[in-house]
Amino acid sequence: MKLYGIASSTCTGRVLLSLFEKEVEDFELVIVNVRKGEGKKPEYIKLQPFGLIPVLEDGDLTLYESRAIIRYIANKYEGQGTALYGKDIKERAKVDQWLEVEGQNFNSAIRSSLGVVSKPPIDEVQLTETFGKLGKVLDIYEEHLSKTQYLAGDFFSLADLSHMTTGWKLFDKYKQGSILFEGRPHVKAWWENISSRPAFKKLLEMI
C-alpha cells in the first residue's frame, strides 16, 4: 500500500491518522509536495487528474479524496485497531452524517479562518468575519456535544478524526483560534480529548 502526499498536508494527515488509529504499518508514504509543483508531473496526474494530494494505491485500486480514503481504510481494516466507522448501520449513518457536516460546513469555515491567521500581519476585520462564521458552526457543535461525548455518539470515529488536522492548525499551531473555545466548554473538552490521542501525537511528530 502506498500513500502519496506529505504529512503536513491536512488532507494527507487525515489519512495518516486513520492508518495509525487502525494500527496499519505495512504502507509507504511517498512524498509529493504540491507546493513545489510535484502534483502537476505527468506521472502523478495519471494517479490524480486534479493534481492534489493524497492518493492511495492498494493493489489494483487507486483512490483519491481523503474522506473517501479514510472510509476505505476503516472498512478494509474493520477488525483491527480503533472501530472508526461504528458497529452497525445506524452508527455508520451518524458517522457519515457528521463527515458531511465537517466537509460541507466546518471545513470551509475553518479554512477561511486559516487563510487569515496564517498570513501576517493579520487583518483584524477579516479575522472577526471569518471567526464569526466558524463560531456559528461551532455553536451547533456545542449544543450537540452537550449531549454526547463524540460527534457520532459515545465512540470516537472518522467524524471526529476528520476535524483534527485543520483543527490543530487553528486551535494549537496558530493560537488565535483558541478564542473560539470561549463560551463553548463542550467543544473545548471534545477538542482536548481527541487531540490527546496517541495516533495524533504520532502524526505531529512527522510534521
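A quick note: this is a predicted structure, and the numbers were derived from the prediction, not measured. The numbers attached to residues start from 1 for each chain and follow its sequence in the written order. Thresholds applied to this predicted model are a pLDDT of at least 70 for local features of residues and 80 or more for the giving and counting of side-chain atom pairs; totals over whole chains, interfaces and linings are not thresholded and use all residues. Side-chain figures throughout are based on the complete set of non-hydrogen atoms in the structure, without hydrogens or water.

## Section: the pattern of salt bridges
Where we set the bar: Salt bridges are identified by distance alone: a Lys or Arg side-chain nitrogen within 4 Å of an Asp or Glu carboxyl oxygen. Per the convention used, a helix needs a DSSP run of H or I reaching at least four residues, while a strand needs a run of E reaching at least two, with both numbered from the N terminus. Burial classes: relative accessible area under 20% of the type maximum marks a residue as buried, over 50% as exposed, and values in between as partly exposed (1.4 Å probe, protein chains only).
Applying the stated criterion across every chain, the model contains 9 salt bridges. Of the charged contacts in the structure, one is a salt bridge between glutamate 21 and arginine 197, with a shortest N-O distance of 2.7 Å. One end of the pair, glutamate 21, is in helix α1 (residues 10-21); the other, arginine 197, is in the loop between α8 (185-194) and α9 (198-204), with 176 residues separating them in the sequence. The partner of aspartate 96 in a salt bridge is arginine 71, and the shortest N-O contact between them spans 3.1 Å. Remark: arginine 71 occurs in helix α3 (residues 66-76) and aspartate 96 occurs in helix α4 (residues 89-117); sequence separation between them is 25 residues. On the basis of relative accessible area, aspartate 96 is assigned to the partly exposed category, the value being 23%.

## Some thoughts on α4
Note the cut-off: In a helix, the anticipated span is given by 1.5 Å times the number of residues less one. The bend reported for a residue corresponds to the angle between axes fitted to the seven residues ending at that residue and the seven starting there. Here a polar contact is recorded for every N or O atom pair within 3.5 Å, except that within protein the pair must consist of a potential hydrogen donor and a potential acceptor, and residues adjacent in sequence are included only if both atoms are side-chain atoms.
With 29 residues, α4 extends 40 Å between its outermost C-alpha atoms, agreeing within 8% with the 42 Å of an ideal straight helix rising 1.5 Å per residue. Roughly 40° is the biggest bend found in α4, and it falls at phenylalanine 106. Structurally, the start of α4 carries an N-cap: the backbone nitrogen of lysine 90 is 3.1 Å from a side-chain oxygen of aspartate 88.

## A few points about the UniProt feature "domain: GST N-terminal" (unreviewed entry) in the chain
To keep it simple, the criterion reads: UniProt positions are given in the numbering used here, feature names are shortened, and annotations may be inferred rather than shown by experiment.
The UniProt record annotates "domain: GST N-terminal" (unreviewed entry) at residues 1-81. End C-alpha atoms of residues 1-81 are separated by 17 Å, and the span's content is 33% helix alongside 20% strand.

## Some thoughts on the sheet that holds strand β3 (residues 55-58)
Backbone hydrogen bonds hold the strands of a sheet together, and the pairing may be parallel or antiparallel. Keep this limit in mind: Paired strands are those between which DSSP finds at least two bridges. Structural elements are reduced to axes, namely lines fitted to C-alpha atoms, with helices fitted over the stretch in contact, and the angle between N-to-C directions of any two is expressed from 0 to 180 degrees.
Ordered in space as β2-β1-β3-β4, the 4 strands form an open sheet in which the pairing is mixed. Only two strands of the sheet have a single partner each, and these edge strands are β2 (28-31) and β4 (61-64). Taking each pair of neighbouring strands and ignoring which way they run, the sheet shows an average axis angle of 20°. Sheet analysis places strand β1 (residues 2-5) next to β3, joined by 3 bridges and oriented antiparallel.

## Some thoughts on the packing of helix α5 (residues 124-145) against α8
Just so we agree on the cut-off: By definition in this entry, angles of less than 35 degrees are roughly parallel, angles greater than 145 are roughly antiparallel, angles of 65 to 115 are roughly perpendicular, and the rest are oblique. Two residues qualify as a contact provided that any one of their heavy atoms is within 4.5 Å of a heavy atom in the partner residue. All residues other than Ala, Val, Leu, Ile, Met, Phe, Trp, Tyr, Cys, Pro, Asp, Glu, Lys and Arg, Gly among them, are scored as polar; the first ten of these are nonpolar and the last four charged.
Taken N-terminus to C-terminus, the directions of α5 and α8 make an angle of 80°; their axes are 7 Å apart at the nearest point. Here α5 is positioned roughly perpendicular relative to α8, judged by the angle of their axes. Contact with α5, carried on its side by Leu138, Tyr141, Glu142 and Leu145, involves Pro185, His186, Val187 and Trp190 of α8 and no other residues of that element. Taken together, the residues that form the contact of α5 with α8 break down as 6 nonpolar, 1 polar and 1 charged.

## Some details on the side chain of lysine 169
Note the threshold: Charge assignment: positive for Lys and Arg, negative for Asp and Glu; neither His nor the chain ends contribute.
Summarising the element assignment, lysine 169 is placed in helix α7 (residues 164-173). In this structure lysine 169 is buried but unpaired, with aspartate 172 as the nearest side chain of opposite charge at 13 Å. Excluding anything up to four places from it in sequence, lysine 169 contacts Ser8, Thr10, Leu114 and Tyr174.

## Quick notes on the packing of α1 against α3
Where α1 meets α3, the axes come as close as 9 Å, and the angle between the chain directions of the two elements is 5°. In terms of their interaxial angle, α1 and α3 are classed as roughly parallel. The residues of α3 that touch α1, namely those facing Cys11, Arg14, Val15, Ser18 and Leu19, are Ser66, Arg67, Ile69, Ile70 and Ile73. Of the residues that constitute the contact of α1 with α3, the class distribution is 6 nonpolar, 2 polar and 2 charged.

## Let's talk about the UniProt feature "domain: GST C-terminal" (unreviewed entry) in the chain
Under the UniProt annotation, the feature "domain: GST C-terminal" (unreviewed entry) is placed at residues 88-207. In residues 88-207, helix accounts for 68% and strand for 0%; the two terminal C-alpha atoms are 35 Å from one another.

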